[in-house]
Amino acid sequence: MLKASFRRFRRDEDGAVMTMEAILWFPLMFFILVSVCDLSIFYMNKARIDKIVAEGVRGYAVGAFDDCDETEDWLEDKVGIISPNVSVSCSEEGAIAIAEVTFPASDVTLTGKTGLLRSMTMKVDRFHLTERF
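I will try to describe carefully the structure that is included in this document. If you're wondering where the values come from, they're calculated on a predicted model, not measured in any experiment. (Residues numbered from 1 in each chain as written. Predicted model: local features only at pLDDT ≥ 70, side-chain atom pairs only at ≥ 80, totals over all residues. Heavy atoms only, no water.)

Across 7 bridges, strand 1 (residues 87–93) lies against strand 2 (residues 96–104) in antiparallel orientation. By the bridge assignment, Ser 87 is partnered in strand 2 with Thr 102. Where strand 1 folds back on strand 2, the antiparallel hairpin that results is connected by 2 residues, among which Gly 94 adopts a positive phi of roughly 65 degrees. (Pairing = 2+ DSSP bridges. Helix = DSSP H or I, 4+ residues; strand = E, 2+ residues; numbered from the N terminus.)

Following this line, the structure appears as structure tokens:
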């Protein structure tokens, strides 16, 4: 009884075309899904870093931090949670405070060093008019 059912199942070709089509389309759909998730996570983390840099340069501009070194240390601590390979610089040109954060895009994505953004380096910079007296 079981052998007969198995033979009938093996000879039956209904649905074989759909199986072949699914096998061909599945990798493409999976790649698109992973890419969309990867880019979503990337932009979410980039927005978080952007907000941290804006907060840091504003803190320096209003006097919450004594100097650029303290601002850089604060930015490295905060952004380092999201991207461990961060590079931070801070400067003041006239009455404008400038903070710049550079990080590899692979640090802030789901797929990391194997993804689409593996060779990109991102830079976030913010300017703020100093309010020190």
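Continuing now.
According to the stated counting rule, one finds 3 aromatic pairs in the structure shown. Seen from their ring centres, Phe 26 and Phe 30 are 6.0 Å apart, and the 25 degrees between their planes marks the pair as stacked. Taken together, the positions of Phe 26 and Phe 30, both in helix 2 (residues 16–62) and 4 residues apart, correspond to about one turn of that helix. Under the relative-accessibility criterion, Phe 30 is labelled partly exposed at 48%. Judged by centre distance (5.5 Å) and plane angle (45 degrees), the ring pair of Phe 65 and Trp 74 falls under tilted. (Phe/Tyr/Trp six-rings, centres within 6.5 Å; stacked < 30°, edge-to-face > 60°. Buried < 20%, exposed > 50% of the residue type's maximum accessible area, 1.4 Å probe, protein only.)

The full count for this structure, using the stated rule, is 2 salt bridges. The shortest N-O distance in the salt bridge between Arg 126 and Asp 50 comes to 2.4 Å. With a gap of 76 residues between them, Arg 126 in strand 3 (residues 121–129) and Asp 50 in helix 2 connect regions that are remote in the sequence. In this structure, Lys 123 and Glu 100 form a salt bridge, with 3.8 Å as the shortest nitrogen-oxygen distance. One end of the pair, Lys 123, is in strand 3; the other, Glu 100, is in strand 2, with 23 residues separating them in the sequence. Overall, Lys 123 belongs to the partly exposed group, its relative accessible area being 48%. The partly exposed category is assigned to Glu 100, whose relative accessible area is 27%. (Salt bridge = Lys/Arg side-chain N within 4 Å of Asp/Glu carboxyl O.)

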